[in-house]
Amino acid sequence: MTFSSRLTYLISFAPIYLFLKLARLVPFRRRVALGGALASFALRRFPPARARVMSNLGRIRPDLSEADALALCARIGRQLGRTLTEILFGEEHQSRHLAFRVSGPGLAAIEAAHAEGKPILLVSAHFGQWDAARIHLRDALGVEVGALYRPNNNPYYEPYLAAGAAASGTPLVPKGNDGFRMLLRHLKGGGAFAIMADQYHSGGEVLPFLGADAKTALTPAELAIRYKAPLVPCFGIRRDAEEAIDVIFEEPIPVAAPEVMMTEFNNRATARIEADPDQWLWPHRRWKGLEKR
């Protein structure tokens, strides 16, 4: 890494570091609210991030006026900031998280697989409180759920993010060949794993997502077929009025061709995002390389 790139990363991490240190002076739930407010402000005021969100909204929701899109952008930032704050202060989040209201037919499939010592695959999206399902399974059922994640490019921010994500369940496996081998060993031994399948994947298949073509990883379906594991879509949805998280384990995706299975996941994620659009990670370049299609 060059000196200039390291300096750039350091400068961009400085406000995050300041928040991490000063926010500890504030009670946890207020800290989460503060993180949401700061992220909402940043997403509206930082031109590159705002432009990406507005571009994605324009692609998927052309019916929105500019004012409505900007208002949605503010809500997206608030929800994202709250989740990231909870992850960055992961150890506190384990004991002070909002109440979970758990439902869905997928929970029975998870319990049955766990009782038989079979592997379990959760497939989800960067939506709402995306670690809630892992936390619940560990605390309520004793099922430790590992996760596949993409390390952050910023070497100063990455250790904090990784430590927070690991607090919700281990092993935390970085994307790449070495990480994938760790994932396979974990599943082969009857472990449980969660994969976020809503992000751009350069080698993925082009499948519909939110009504537009997007490159989608087939890995969750391929692993479920290979290890005969239930592939259970799950979502943690924030409910502000009740100050609770709805943790929903949906019906496992039926075994079929990987493209069919991941199209089904995309359809289910789309339904969740359409119902609560402010809870998805709109700053992500989900349609990279396909913007003109």
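Data block above holds the structure.
Conventions and cut-offs
Residues numbered from 1 in each chain as written. Predicted model: local features only at pLDDT ≥ 70, side-chain atom pairs only at ≥ 80, totals over all residues. Heavy atoms only, no water. Salt bridge = Lys/Arg side-chain N within 4 Å of Asp/Glu carboxyl O. Helix = DSSP H or I, 4+ residues; strand = E, 2+ residues; numbered from the N terminus. Buried < 20%, exposed > 50% of the residue type's maximum accessible area, 1.4 Å probe, protein only. Core = buried A, V, L, I, M, F, W, Y, C linked by side-chain atoms within 4.5 Å. Contact = heavy atoms within 4.5 Å. Pairing = 2+ DSSP bridges. Axes fitted to C-alpha atoms, helices over the stretch in contact; angles between N-to-C directions. Arc of directions from axis to C-beta.

*Asks:* Describe the pattern of salt bridges, naming the residues involved and giving the relevant values.
*Replies:* Using the criterion set out here, one finds 19 salt bridges in the structure. The salt bridge involving R101 is made with D246; its shortest N-O contact spans 2.8 Å. Remark: D246 occurs in strand β9 (residues 244-249) and R101 occurs in strand β1 (residues 99-103); sequence separation between them is 145 residues. Overall, the relative accessible area of 35% leaves R101 in the partly exposed class. The partner of R239 in a salt bridge is D246, with the nearest N and O atoms 3.0 Å apart. By relative accessible area, which is 25% here, R239 ends up partly exposed. Linked by salt bridges that have partners in common, R101, R239, E242, D246 and D276 make up one network.

*Asks:* I'd like a rundown of the pairing of strand β2 (residues 120-124), residues and numbers included.
*Replies:* Within β2, five of the five residues are buried, which leaves it mostly tucked inside the rest of the structure. With burial as the criterion, each face of β2 is covered, one bearing I120, L122 and S124 and the other bearing L121 and V123.

*Asks:* Account for the nonpolar core, with residues named and values stated.
*Replies:* Among the nonpolar cores identified, the biggest contains 45 residues, and L121, W282 and W287 are the most heavily contacted of them. With five residues, the top contributor of residues to this core is helix α11 (residues 258-275). Not counting the four nearest positions on each side in its chain, L121 is found in contact with L187, F193, I195, P220, L223, A224, A229, P230, L231 and V232. Core analysis: the next-biggest nonpolar cluster, separate from the first, contains 20 residues, L98, F100, L107 and I110 among them.

*Asks:* Go over the sheet that holds β9, please, and point to the residues and values.
*Replies:* If you walk across this open sheet you meet the seven strands as β1-β9-β8-β2-β5-β3-β4, and the pairing is mixed. The two strands at the open ends of the sheet, each matched to only one other strand, are β1 and β4 (172-174). Taking each pair of neighbouring strands and ignoring which way they run, the sheet shows an average axis angle of 25 degrees. One ladder, built from six bridges, connects strand β8 (residues 231-239) with β9; its direction is antiparallel. Directly across from R238, in β9, lies its bridge partner I245. In the packing of helix α6 (residues 106-115) onto the sheet, contacts are made with β1, β2, β8 and β9, and the angle to β2 comes to roughly 150 degrees. Running at roughly 10 degrees to β8, α11 makes contact with β2, β8 and β9 of the sheet.

*Asks:* Could you give an account of the environment of I60, with specific residues and numbers?
*Replies:* Its place among the elements puts I60 in helix α3 (residues 47-60). When the C-alpha positions of I60 and T8 are compared, they lie 33 Å apart, and in sequence the two are 52 residues distant. With residues up to four places along the chain from it excluded, the contact list for I60 reads L210, A212, W282 and W287.

*Asks:* Can you break down the pairing of β9 residue by residue, with the values?
*Replies:* The buried count for β9 comes to six of six residues, which makes it a mostly enclosed element. By the alternation rule, side chains of β9 split into A244, D246 and I248 and I245, V247 and F249, which are all buried. Of the strand pairs in this sheet, β1 and β9 are connected by five bridges, and their pairing is parallel. Counted as the bridge partner of S103 is I248 from β9.

*Asks:* Tell me what's going on with helix α8 (residues 158-166), and back it up with residues and numbers.
*Replies:* Turning to α8, its buried residues are E158, L161, A162, G164 and A165. Buried residues of α8 fall within an arc of 165 degrees about the axis and therefore sit on the same side. Considering only its buried residues, α8 is in contact with α4 (66-88), α5 (90-96), α7 (132-141), β3 (145-149) and β4.

Remember that the coordinates give geometry; whether it matters functionally is a separate question.
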